[in-house]
Amino acid sequence: MNKIILVSILFCIHFSVQAQTFRDTLSSNIVYNLPKDETAYQKLKEDIKALEKLDEKPNPELLYSKLSYIYKYNDIEYLKEVLTLLTRNYGFNLSYSSGNESYYNDIINGSLASWFKEMYIKNHSEWLSENLDKQIDIYRLNTLQEKDQLVNDISSAIYKSTSFTNDQKKIIEKILDEYSFDNVRVILDLSTEIGSLPTGNSFSLIQKDFNYVELHNLQRKNNFEKYWNSIFPFYKTSYLNNDISSIKFRTVDFTKYKLDGTQIFNLIKIEEIHESWRNDPNDKEIPLFDSNQTKMVRQELGW
């Protein structure tokens, strides 16, 4: 399981620029720009502004993920602007911080503490007064990471253990499949209620994102089909609303390839995948699981 996770992460990073639209390319450039110098940071900021102009709205998930870089490059006025925006409009909640964020000590005890305290109390209170009914769901979504990690740790320990027979491992894995799907059921239930994935623009900023929860279910052979079939309508709505990018669909294609050697969206080519990552070093192509399905979903997504 851990090997599959690692390969999937590397895949998403390596192929992020192979996007479907200009917006997808721009989003991917932002996601994978981890600036190591001022020039790279300024390009990151420029791309963020360009995406906001293109979408005619901010992308709170991307902004939140880049806060540490904004702080690292001492762009304090922009840091204040983004934190204020996330707090007032998207429900940034200090309670869901880890305390390990690079900017955390500064906004709690350092030079930004006085500003942050006044800003946070005012804006978070205003947001909370308008979104009190969402608090239980926000809590559930923010706790999925921890629950998912527990299932994954148990699965990894069983996989490495020599104390269980193969038949016993299969039984335990089937039980863990069910526990793992219980986690994504929280996402599915809320998506059904609001009609899209719960993102900052459709629901609230979820600081402990559930990407890994989804990924781990897609990697489970017994869970892939039922999760994929259930979540696609909400992926589609969120994508067409410019709340997510094609990275989600590329991850589906790659996990599908790792499971059975096929893909759904036709977003990856075998030449792009290093031989050591392939199911078989001699693989010459990645066939479609169902060409009619591929044609249909690509049309629905505007590709």
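Above this note sits the structure.
Note that the structure is a prediction, hence the values are computed from the model and not measured.

**Q** Any chance you could explain a nonpolar patch on the surface here in plain terms?
**A** Taken together, the side chains of Ile-171, Ile-175 and Tyr-179 make up a nonpolar region of the molecular surface, amounting to roughly 320 Å² of accessible area. Taking the relative accessible area as the measure of exposure, Ile-171 reaches 54% and is therefore exposed.

**Q** Looking at this structure, how should I read the side chain of Ser-238?
**A** Its place among the elements puts Ser-238 in helix α13 (residues 221-240). The class for Ser-238 is buried, based on a relative accessible area of 0%. A polar contact of 3.0 Å, which involves the side chain of Ser-238, links it to the backbone nitrogen of Leu-197. For Ser-238, the contacting residues outside a window of four places in its chain are Ser-196, Leu-197, Asp-243 and Ile-244.

**Q** Explain unusual backbone geometry here, please?
**A** A negative phi angle characterises most non-glycine residues, just as the trans form characterises most peptide bonds. One non-glycine residue, Asn-74, lies in the positive phi region at around 55 degrees. Mapped onto the fold, Asn-74 is located in the loop between α5 (67-72) and α6 (76-90). Under the relative-accessibility criterion, Asn-74 is labelled exposed at 59%.

**Q** Can you walk me through helix α14 (residues 247-260) in this structure?
**A** An α-helical turn contains 3.6 residues, so a residue and the one three or four places further along point in the same direction. In this model α14 runs 20 Å from its N-terminal to its C-terminal C-alpha over 14 residues, within 8% of the 20 Å that 1.5 Å per residue would give. Among the 14 residues that make up α14, eleven are buried, leaving the element largely enclosed by the rest of the structure. Among the residues of α14, Ile-247, Lys-248, Phe-249, Arg-250, Thr-251, Val-252, Asp-253, Phe-254, Thr-255, Lys-256 and Tyr-257 are the ones counted as buried. Looking at the residues trailing α14, positive phi occurs at Gly-261, about 85 degrees.

Thresholds, definitions, all that
Every residue gets a number counted from 1 within its own chain, in the order that chain's sequence is written. Since the coordinates come from a predicted model, pLDDT governs what is reported: local features require at least 70, and pairs of side-chain atoms require 80 or more to be given and counted, while whole-chain, interface and lining totals use all residues. To obtain the side-chain values, all non-hydrogen atoms of the structure were included, while hydrogens and water were left out. Patch membership is restricted to residues that have no salt bridge and whose relative accessible area is over 30%. Joining uses 9 Å for like charges and 5 Å for the nonpolar side chains Val, Leu, Ile, Met, Phe, Trp and Tyr. Surface exposure here means Shrake-Rupley accessible area, sampled with a 1.4 Å probe, where a residue is shielded only by the protein chains that are shown. Any carboxyl oxygen of Asp or Glu within 4 Å of a side-chain nitrogen of Lys or Arg constitutes a salt bridge here. Burial classification: accessible surface area is computed with a 1.4 Å probe over protein chains only, and a residue below 20% of its type maximum counts as buried, one above 50% as exposed, and the rest as partly exposed. Runs of E in the DSSP output that reach at least two residues are strands. Runs of H or I that reach at least four are helices, and both are numbered from the N terminus. Pairing of N or O atoms within 3.5 Å defines a polar contact, subject to two protein rules: one partner must be a possible hydrogen donor and the other a possible acceptor, and residues neighboring in sequence count only if both atoms are side-chain atoms. We call two residues contacting when some pair of their heavy atoms lies within 4.5 Å. Expected span of a helix, by definition, is 1.5 Å for each gap between consecutive residues, and there is one gap fewer than residues.

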